[in-house]
Amino acid sequence: MATPRGAPPRFFRFLPDVLVDNIPQKGERPSQGSISSRRAVTLPPPTRSFCVSSSPLGARAPCGGSMFPALKTELQQPLPDPYEDFMRRHLQYYGYFRVQSGRPPSPVPPPPGPKSGRPREREPVTRAALPKETPQGRRSLSPARVRSRQLLYDEPDSATPRLREPRELFPVLSGRGPLQAPRWPVECEVIRERVQHIEWVPPEPEYFYQSTGNEKVPEIMGEEKGTVVYQLQSVPTEGSYFTSSRVGGKRGSVQQLAVSLHGPEDDTLLFESRFESGNLQKAVKVAAYEYELTLRPDLYTDRHTQWFYFRVQNTRKDVRYRFTIVNLRKPRSLFAVGLRPLLYSQRDACSSRVGWRREGGDIRYFRGGTGSYCLTWTARFPHDRDTCFWAPGYPYTFSDLTRYLRAAARDPARARVCRLRALCCSLAGNPVYLLTVTNPARGPQAAAAKRAVVLSARVHPGESAGSWVMRGFLDFILGSSPDAQLLRDLFVFKVVPMLNPDGVIVGNHRCSLSGRDLNRHYRTLLKDAFPCIWYTRNMVQRLLEEREVLLYCDFHGHSRKNNVFLYGCSSNSRRHWLHERVFPLMLSKNAPEKFSFQSCNFKVQKNREGTGRVVMWRMGIRNSYTLESTFGGSTLGSRRDTHLTTEDLKALGHHICDTLLDFCDPDQTKFIQCLAELTELVHQEIHRKLSELGQDVNLEENWSDIHLSDIESSTSGSDSSLSDGLPAHLLHRAEEVSQKIKMFQKKKKKPLQTRKQRNEQYQNSNSKRFGRGLAGGPLEGRASFATTLQKQPAFLKQLENPGPAAVTQEKVRRQQTQLSGRGRDAAPAQPAPPLIRPKDKERVQQVQHLTAMPTVNAVVSAFRRLRQEDHCKFEASLGHIGQKPGAPASLAPRSLSSARGEPAPGAQPGRRRGGSLVAYPALHVCTYPCP
């Protein structure tokens, strides 16, 4: 079948259109926009030219001319992945993929060989590898040549591929490649040295420090009387907030913060804490071998100073050093009852494989002068010029977890039953890993019938004991023991081994980079501020929709109580009464030397409503717990007054798995026995509480109706109420909003509380309006005047107090009136005209006109009814208008004055006061006797 003239050969129909359109025809000169004319894709002169015939077989035949120079290099190489080839040519066309002049573009490297690992040699393009003609008239490439990364073939000759599982949104661990480095806030300086410790179990029990009562309480000197030998330059505290992060922390070179030694005889210790999980802000040398240490608070806060982890160098053997931490916050600590700090010697680890061990004497926990608490201890280092570390508990960093998970991913046996993915990314971009552990089910129904167990740890970064318990649990559940196999057959385990990786990396004690305690925000809706908690709760919600969640447990550490114990939530259901206490009781029987059931508490407090156990319990998980592992040791059995080691903590993870098997045993004998024992214990506790209150009540029938939270005391957990609220990066916005709300509230009128206040405000507003009406012209209505009769207008008050000239004229007029009225036959004296200034005459006429309106009578009657007095005072009801102040109102009815303003018959022109007469305006209102 011949190719039409002017059309590209059949082989070019498989190339991108961009290339086909720009291939020059025979005898043509390439245009400026064609690929052949572009400098970026200039091809070398061919050493051998050939063309593709138009036969159906597509055989190659050499030709003397160079008709298609774009294919000379391509046909000498095997066909690459179609998608990668298209993207490379697409970028090449737009100038983003450039090839040096005279060199062909580098082909896509093939996958390494299965054994040697060397790149496979390119096979020559054979006839079988070229496109084949299908019955539909289309050509297809063989599966061996079309290598797609999204299509997978179960068998080499299989014609039906399957789609590869979608990739994770966040990077997950792989068995190859370098270890993923943690991301730090850009404000933190990080040293380049990698800190890693070996695991070691002491051969003998490490006992508590026995206080003698004579421990020295050192005087706190401060940097005024000492020498600062180490101090962090920039520490994000309260008022700042997290902005960005990067691997390695702050850009630039790392500064040398420790002091410089003056020679080999200088015995000053060199401190350092700018490594993963490290915490030390300042060290002050106050004596030859005494140092005062200041811990760094959690980033973006000014509190939570409990965890410390730092390095010292340039030590001296057989010298008694004293270290004093001066800014602890908790009033009670296990250091006051025998806890000793941990020491790690780098030389001992390298020479004799000895790791962390308990050291220290003369330990004293006391209250400082500034309201904080202090811890002091003495110690002797084992070697000269050694590198040592101090910590209150066994550190477990984010890198330690990454190494452990990477080793599990490399193990084919453990990788078969464990699926690892990233649940989310933290604020700094560190992955929050989620492990799904279960055996493959035989069918969909068997998979759906499995119940779930959710476990998490390290929501509080400084509680490293929780990570060691989680480590023991994972060792057991990923193992090959029969119990582990049975657990994987029965349950689907969802494990979040580190909920707060950012806090662990920077060395916080309780908070994340949001400056808040994550274990108080499980009800949050702020996904961007608390992603670890939000995604964990969302994962549990989706899990509850799929299957029943039997148990939830969050692993913590406790710095004020010995032993291991649980916090739970009491149920109010009669059907499941005391069922939430069965699992802790079983755990105490499986680990009697570590776990204390008497220390457990099941009261749900108001300030714990945002914790993980309470939120999960309210979501429907009846067995919801917080496991508290002590920083100290055990006070039970043969392990009394001894510290717990990492092996003890990992063994506790094994005991949790054993207890889970007992709890779910189809034979309910153990469950019923524990329930009966719990019933007796609660009965005794209720009787003890009632006897303390002096009550003797028969509780044989109704004692189960008593709520168990009433007989339990509050938990002794840390008070993180200061860590509640908005994250640090939203506080400044909240302050702006609150200021705007306050300004709006100031402008808003305060609501009136009583009817009296409302009436007074209404009268005041109308009086002001009445005054403006008099000043501006004629009044607009009757109501504005009627409601202001009680309050005199300003110009009428001026009439009551006339000026000196007006008073003199009035006296002369009164004397003439008295002289003319001495005769008996004299006519009755006419009422004196009112003393009104000319400029107020027009206003008075307006007032006289309004007094004749019936609205005034109605107002006056309303005031009379309200007063309910024997004698109505005209000055009180009408605002001193038309009557002398203080004079009693006449009980005889009066008639309204005439239009000319003349008084009614019998009316007196004025009243005496002190032998003189005072004239008032001709404003008269008809009054009636009071009822």
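Residues numbered from 1 in each chain as written. Predicted model: local features only at pLDDT ≥ 70, side-chain atom pairs only at ≥ 80, totals over all residues. Heavy atoms only, no water.

A. Region of interest: the overall build of the protein. On a plain count of helices and strands, the protein comes out with 22 helices and 30 strands. Across the 931 residues in the protein, those meeting the buried criterion constitute 46%. Restricting to contacts in the protein with at least 6 residues of sequence separation, those with at least 24 account for 75%. Accessible surface for the protein amounts to roughly 51,000 Å². Of this, 51% is attributable to carbon and sulfur atoms. (Helix = DSSP H or I, 4+ residues; strand = E, 2+ residues; numbered from the N terminus. Buried < 20%, exposed > 50% of the residue type's maximum accessible area, 1.4 Å probe, protein only. Contact = heavy atoms within 4.5 Å. Areas by Shrake-Rupley, 256 points an atom, 1.4 Å probe, with all protein chains shown as cover.)

B. Fine view of the nonpolar core. Phe473, Leu487, Phe493, Phe555, Leu566, Leu627 and Leu660 are the most contacted members of the largest nonpolar core, which totals 90 residues. Sort the elements by how many residues they give to this core and helix α7 (residues 465–477) lands first, with eight residues. When sequence neighbours within four positions are dropped, the list of residues in contact with Leu566 reads Cys553, Phe583, Pro584, Leu587, Phe595, Cys600, Asn601, Tyr625, Thr626 and Leu627. The next biggest cluster of nonpolar side chains, apart from the first, holds 35 residues, and it includes Ala283, Ile363, Cys388 and Trp390. (Core = buried A, V, L, I, M, F, W, Y, C linked by side-chain atoms within 4.5 Å.)

C. Inspection of the pairing of strand β20 (residues 418–425) at higher detail. With seven of eight residues buried, β20 lies mostly within the body of the structure. Of the pairings in the sheet, the one linking β20 to strand β21 (residues 431–437) comprises seven bridges and is antiparallel in character. Within the sheet, the bridge partner assigned to Cys418 lies in β21 and is Val437. Taking the residues that link successive antiparallel strands as the turn, the β20-β21 hairpin has five residues, and the phi of Gly429 there is positive, at about 95 degrees. (Pairing = 2+ DSSP bridges.)

D. Summary view of the sheet that holds strand β10 (residues 270–272). Overall, antiparallel pairing links the five strands, which are arranged β10-β13-β19-β15-β16 in an open sheet. Taken across any chain shown, the strands that pair with only one partner, and hence form the sheet edges, are β10 and β16 (357–358). Relative to strand β19 (residues 388–391), strand β15 (residues 342–345) runs antiparallel, the two being bridged by four bridges. Counted as the bridge partner of Leu342 is Ala391 from β19.

E. Looking closely at the pattern of salt bridges. Enumeration over the complete set of coordinates arrives at 25 salt bridges. Two residues, Glu199 and Arg471, come together in a salt bridge whose shortest N-O distance is 3.0 Å. In this pair, Glu199 sits in the loop between β7 (183–185) and β8 (227–231) while Arg471 sits in helix α7, placing the two residues 272 residues apart along the sequence. Residue classification places Arg471 among the buried positions, given a relative accessible area of 15%. With a closest N to O distance of 3.4 Å, Glu359 and Arg357 form a salt bridge. Judged by its relative accessible area of 27%, Glu359 falls in the partly exposed class. Take Arg357: its relative accessible area is 13%, and that puts it in the buried class. (Salt bridge = Lys/Arg side-chain N within 4 Å of Asp/Glu carboxyl O.)

F. Here's a closer look at the environment of Arg251. Checked against the element boundaries, Arg251 lands in the loop between β9 (245–247) and β10. Under the relative-accessibility criterion, Arg251 is labelled exposed at 66%. Here the alpha-carbon distance between Arg251 and Val186, two residues 65 residues apart in the chain, equals 7.2 Å.

G. Seen up close, the environment of Leu525. As for its placement among the helices and strands, Leu525 is situated in the loop between α9 (501–506) and α10 (531–546). Discounting residues that sit within four places of it in the chain, Leu525 has contacts with Trp534 and Arg537.

H. Expanded view of helix α2 (residues 82–93). Relative to the 16 Å expected for 12 residues at 1.5 Å per residue, α2 spans 16 Å between its end C-alpha atoms, a close match to the ideal helical length. If you check which residues of α2 are buried, you get Asp85, Arg88, Arg89 and Gln92. On an axial view of α2, the arc spanned by its buried residues comes to 95 degrees, and they lie on one face. (Expected span 1.5 Å × (residues − 1). Arc of directions from axis to C-beta.)

I. Examining the UniProt feature "active site" (unreviewed entry) in the protein more closely. As recorded in UniProt, the feature "active site" (unreviewed entry) lies at Glu628. Within the secondary structure layout, Glu628 lies in strand β26 (residues 623–630). Look past the residues within four positions of Glu628 in its chain and what remains in contact with it is His556, Gly557, His558, Asn563, Val564, Phe565 and Tyr567. (UniProt positions renumbered as here; feature names shortened; annotations may be inferred.)

J. Spatial organisation of the side chain of Ser570. Examined against the element boundaries, Ser570 turns out to sit in the loop between β25 (564–567) and α11 (582–590). The class of Ser570 is buried, set by a relative accessible area of 5%. Among the polar contacts listed, one links the side chain of Ser570 to the backbone oxygen of Phe602, at a separation of 2.8 Å. (Polar contact = N/O pair within 3.5 Å; in protein donor to acceptor, adjacent residues only side chain to side chain.)

K. Looking closely at the sheet that holds β26. Judged by pairing direction, the sheet is mixed, and its seven strands sit side by side in the order β20-β21-β23-β22-β24-β26-β25 without closing on themselves. Strands with a single pairing partner mark the edges of an open sheet, and in this sheet they are β20 and β25. Neighbour-to-neighbour, the strand axes of the sheet open up by a mean angle of 20 degrees, direction not taken into account. Relative to strand β24 (residues 549–558), strand β22 (residues 451–457) runs parallel, the two being bridged by six bridges. Bridging across to β24, Leu455 finds its partner in Cys553. Each of β24, β25 and β26 is contacted by α11, which is oriented at about 175 degrees to β25, the strand it contacts most. Taken strand by strand, helix α12 (residues 612–619) contacts β24, β25 and β26, and its axis lies near 165 degrees from that of β26. (Axes fitted to C-alpha atoms, helices over the stretch in contact; angles between N-to-C directions.)

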